[in-house]
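# Residue-level structure breakdown
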Amino acid sequence: YNGESQGPSGAYTNRIDTYVTVEGLKDGDALTGITLSGSRMDAGEYVITPSAAVIRGKTSNYSSIIYCEGKLTITKAPNPAVIVADAAVTKGGNTVNLSKNVKYAAGDVTYAITGEANGCKIDKNTGLFTSGDETGTCVVTVTATESANYLGTKKNITVSVEDREIVPLHVTESDIA
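Conventions used here
Residues numbered from 1 in each chain as written. Predicted model: local features only at pLDDT ≥ 70, side-chain atom pairs only at ≥ 80, totals over all residues. Heavy atoms only, no water. 1 Å grid on protein atoms, 1.4 Å probe; cavity = no way out; pocket = protein on both sides within 12 Å on 5 of 7 lines; lining within 4 Å. Points joined across faces, edges and corners; volume = space filled by probe spheres on them. Helix = DSSP H or I, 4+ residues; strand = E, 2+ residues; numbered from the N terminus. Nonpolar A, V, L, I, M, F, W, Y, C, P; charged D, E, K, R; others polar. Core = buried A, V, L, I, M, F, W, Y, C linked by side-chain atoms within 4.5 Å. Buried < 20%, exposed > 50% of the residue type's maximum accessible area, 1.4 Å probe, protein only. Contact = heavy atoms within 4.5 Å. Lys, Arg positive; Asp, Glu negative; His and termini not counted. Salt bridge = Lys/Arg side-chain N within 4 Å of Asp/Glu carboxyl O. Pairing = 2+ DSSP bridges. Axes fitted to C-alpha atoms, helices over the stretch in contact; angles between N-to-C directions.

Its volume calculated, the largest pocket comes out at about 600 Å³. For the largest pocket, the lining is made up of 23 residues, of which Thr21, Val22, Glu23, Ile66 and Tyr67 are closest to its centre. Mapped by element, the contributors of at least two residues to the lining of the largest pocket are strand E2 (30-37) and strand E3 (44-56). Examining the composition of the lining of the largest pocket, we find that 4 residues originate from one element, E3, more than from any other. Taken together, the residues of the lining of the largest pocket break down into 17 nonpolar, 4 polar and 2 charged.

Turning our attention to the nonpolar core. Inside soluble globular proteins, nonpolar side chains tend to come together where they are buried. By size, the foremost hydrophobic cluster in this structure holds 16 residues, and its most contacted members are Leu98, Tyr111, Phe129, Val140, Ile157 and Val159. Looking at this core, the elements that each hand over two or more residues are strand E6 (86-90), strand E12 (136-144) and strand E13 (153-162). Ignoring anything within four residues of it in the chain, the contact list for Ile157 reads Ile83, Val84, Ala85, Asp86, Ala87, Leu98, Asn101, Cys138, Val139, Val140 and Val142. Residues Tyr12, Tyr62, Leu72 and Ile74 belong to the second largest nonpolar core, which totals 11 residues.

What follows concerns the side chain of Asp29. Structurally, Asp29 can be placed in the loop between strand E1 (10-12) and E2. For the buried residue Asp29, which engages in no salt bridge, the nearest side chain bearing the opposite charge is Arg56, 6.8 Å off. Not counting the four nearest positions on each side in its chain, Asp29 is found in contact with Ile55, Arg56, Gly57, Lys58, Asn61 and Tyr62.

Moving on, we get to the sheet that holds strand E4 (residues 70-74). In space, the 4 strands of this open sheet follow the order E1-E2-E3-E4, with antiparallel pairing throughout. Two strands bound the open sheet, and with one partner strand each, they are E1 and E4. Within this sheet the neighbouring strands show an average axis-to-axis angle of 30°, counted without direction.

Next comes the structure, spelled out in structure tokens:
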């Protein structure tokens, strides 16, 4: 899949052997034109239908032309998902939205904690990650499901759960008065 029409469609008079195989022509006769229909844009398998063959030579040599359908296969492209692999959050029930780490995904996106959760939680649909009370790392697997034209993909985000930042408090006598 590349987002553009693929496969033959229309009348062809040049490089016909690129598109079709011809059998049974008499000496000196040649296929000089053919119409093919079957161009498609989306991933899948499609039929290419030949018709309207033009033969140079003695057409009286042929009582009928047998057309055989061809097959066009458009394969799915790799998922264009871009996933930033790292995130950080402070421990103690704080949140970070991991959906901001995922861009251009084709298909539905889900999130799951892989391995030790360390008290952390993730909303599987929104990617909202909530830290636990322990420091460490949590691995979240992001899955973009297969769609009509793209393959599915899985990638990990490593979330660092950090201690709360301690901000020193400076108190002077004038602050107390």
